[in-house]
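Examining the three-dimensional arrangement
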Amino acid sequence: MRMVNCSSILACPYNLTEVELKRDLDNYDNLKLVFSVVLSIMMVLVMFALGCTVDIKKLWSHIRRPWGIAVGLLCQYGLMPLIAYLLTISFSLPPIQAIAVLIMGCSPGRTISNLLTYWADGDIDLSISMTTCSSVIAIGMMPLCLYLYTRHWDLEQNLIVPYQTVGITLLCLIVPVAFGIFVNFKWPKQSKIILKVGTVVGVVFLAMIIVAGGILIKGSWNSAGQLLVVTFLFPLIGHIFGFLLALLTLQPWERCRTISMETGAQNVQLCSTMLQLSFSSEQVAQVFTFPLNYGFFQMLNGFFIILVYQIYKKLCKKKHEEKDVDSNEVSESKETAARSEATSFLQRDEGGQSGPGAAMTIDLSGAFIKTLSVGQQVNPSASDAITELWTASV
């Protein structure tokens, strides 16, 4: 019989008094309300700004030939639920915590993935297409994946999928993007300004979420250590394996980065709502910090990956510039040597015109040079230089 660790208040609901439980759940409701409002505003503004970068022809090409979308959906509903299941089994999480991790793994992507894709120089059109498609098919895929993976635990409750939240997510995604596409079509110059402002707003809102999360969830770091480790590893593994699967399917580098960001970034709000609808207050008290911690770690891992990519890009750019400078110096030195050789050749030729040394015929139009010499030849570079000098002298 496995013993339950009740050393922490948040790790075991039996340590909570009725007053403490009510206080924690009230804080959770307030936190959920704050995050819902902030995330909704952020999603609308950021998606409107990112919509200004969408190319309709490229977006239609992804829909008409959905190979990249198919790989992304395979990562979203094939790879992520499997990773969640393996992590819960490997760390022997209690049933309620394991179900919370599985719900997160079966959730679709959200706006944070589109913003991370933009910063990683990914394919924005593919990112928006994947987020939209994953949210649409979540209506069927979430219940299916949860049914397949939760049979390991005998649950008395029925898991309730918040379809209303899925619908709100789709509206907050499609409508701002449509307006952004329209603005980009009518006013392309202004759309660039809107994009810069939108990315700055996205950074500010993400910083606000991190700060608010750290202030409002004071006891989250005192929760079960195993769950905290899983929360950190889960998005990171999703990013890595999403990139590898895209690479194995021979996707371009731009799409590989896009699929990686889409795979690791999940819909935190949907998971939080589903936990609250499906479980009792005592059960929710054990895992109400998990979605918030996951949101924090997925942003942290995403920023780390983007930082590594940007450093790599700058190093490659610097190396390429140095190579160009070296090649230019080599070409200039060759040209200088050719000109000096041509000058010395003409000087020798002028000095030896009276003797029987050599005979040279130069076409004044510069079309060709024909040299007839005894024991002396002129290379092509020197020939070009001779032609220029000859023309100038004439």
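Scroll up to find the structure.
Residues numbered from 1 in each chain as written. Predicted model: local features only at pLDDT ≥ 70, side-chain atom pairs only at ≥ 80, totals over all residues. Heavy atoms only, no water.

What follows deals with the overall build of the protein chain. A count of helices and strands for the protein chain gives 14 helices and two strands. Expressed as a percentage of its 394 residues, the buried residues of the protein chain come to 44%. Considering only contacts in the protein chain between residues 6 or more positions apart, those separated by 24 or more positions represent 84%. For the protein chain, the accessible area works out to roughly 21100 Å², and carbon and sulfur atoms hold 65% of it. (Helix = DSSP H or I, 4+ residues; strand = E, 2+ residues; numbered from the N terminus. Buried < 20%, exposed > 50% of the residue type's maximum accessible area, 1.4 Å probe, protein only. Contact = heavy atoms within 4.5 Å. Areas by Shrake-Rupley, 256 points an atom, 1.4 Å probe, with all protein chains shown as cover.)

Next up on the list: unusual backbone geometry. You will see that Asp121, though not glycine, has its phi angle at about 55 degrees, which is positive. Checked against the element boundaries, Asp121 lands in the loop between α5 (111-119) and α6 (124-149). We classify Asp121 as partly exposed; its relative accessible area is 30%. Located in the positive-phi region is Leu250, a residue other than glycine, with phi close to 60 degrees.

Our next topic: the pattern of salt bridges. Taken as a whole and assessed by the stated rule, the structure comprises two salt bridges. Across the salt bridge formed by Lys58 and Asp123, the nearest N and O atoms sit 3.7 Å from each other. Of this pair, Lys58 sits in helix α2 (residues 56-64) while Asp123 sits in the loop between α5 and α6, placing them 65 residues apart in sequence. Taking relative accessible area as the criterion, Lys58 reaches 29% and is therefore assigned partly exposed. Measuring nitrogen to oxygen at the nearest pair gives 2.7 Å for the salt bridge that ties Asp121 to Lys313. With Asp121 in the loop between α5 and α6 and Lys313 in helix α13 (residues 290-351), the pair connects residues that are 192 residues apart, well separated along the chain. (Salt bridge = Lys/Arg side-chain N within 4 Å of Asp/Glu carboxyl O.)

What follows concerns the environment of Thr88. Mapped onto the secondary structure, Thr88 falls in helix α3 (residues 67-90). C-alpha of Thr88 to C-alpha of Ala98: the two residues are 10 residues apart in sequence and 5.4 Å apart in space. Excluding anything up to four places from it in sequence, Thr88 contacts Leu93, Ala98, Val101 and Trp153. Reaching out from Thr88, the side chain makes a polar contact with the backbone oxygen of Tyr85 at a distance of 2.6 Å. (Polar contact = N/O pair within 3.5 Å; in protein donor to acceptor, adjacent residues only side chain to side chain.)

Attention now goes to the packing of aromatic side chains. Summed over all chains, the structure comprises nine aromatic pairs. On the numbers, 6.3 Å between centres and 55 degrees between planes, the contact of Phe290 with Tyr294 is tilted. Of the two residues, Phe290 and Tyr294 both sit in helix α13, four residues apart, roughly one turn of that helix. With a relative accessible area of 1%, Phe290 lands in the buried category. By way of ring pairs, the aromatic residues Tyr85, Tyr149 and Trp153 are connected into one cluster. (Phe/Tyr/Trp six-rings, centres within 6.5 Å; stacked < 30°, edge-to-face > 60°.)

Among the residues examined, Asp123 registers a relative accessible area of 2% and is labelled buried. When neighbours within four sequence positions are excluded, Asp123 is seen to be in contact with Lys58, His62, Thr117, Glu254, Arg255 and Thr258.

Here we take up helix α11 (residues 268-278). The buried count for α11 comes to nine of 11 residues, which makes it a mostly enclosed element. Within α11 the residues assigned to the buried category are Val268, Gln269, Leu270, Cys271, Ser272, Thr273, Met274, Leu275 and Ser278.

One finds Val101, Phe234 and Phe290 to be the most contacted residues of the largest nonpolar core, which totals 46 residues. Looking at this core, the elements that each hand over two or more residues are α3, α4 (95-105), α6, α9 (225-248), α10 (253-264), α11, α12 (281-287) and α13. The element contributing the most residues to this core is α3, with nine residues. For Phe290, the residues in contact, after removing those within four places along its chain, are Ala100, Val101, Met104, Leu227, Thr231 and Cys271. Counting 25 residues, the second-largest nonpolar core is a separate cluster that includes Val46, Leu115, Ile128 and Phe205. (Core = buried A, V, L, I, M, F, W, Y, C linked by side-chain atoms within 4.5 Å.)

Residues Ile240, Phe241, Leu244, Leu247 and Trp253 make up a contiguous nonpolar surface patch of roughly 490 Å² in combined accessible area. For the nonpolar patch, the element with the most residues is α9, which contributes four residues. Relative to the helices and strands, Phe241 resides in helix α9. (Patch = residues over 30% accessible without salt bridge, like charges linked within 9 Å, V, L, I, M, F, W, Y side chains within 5 Å.)

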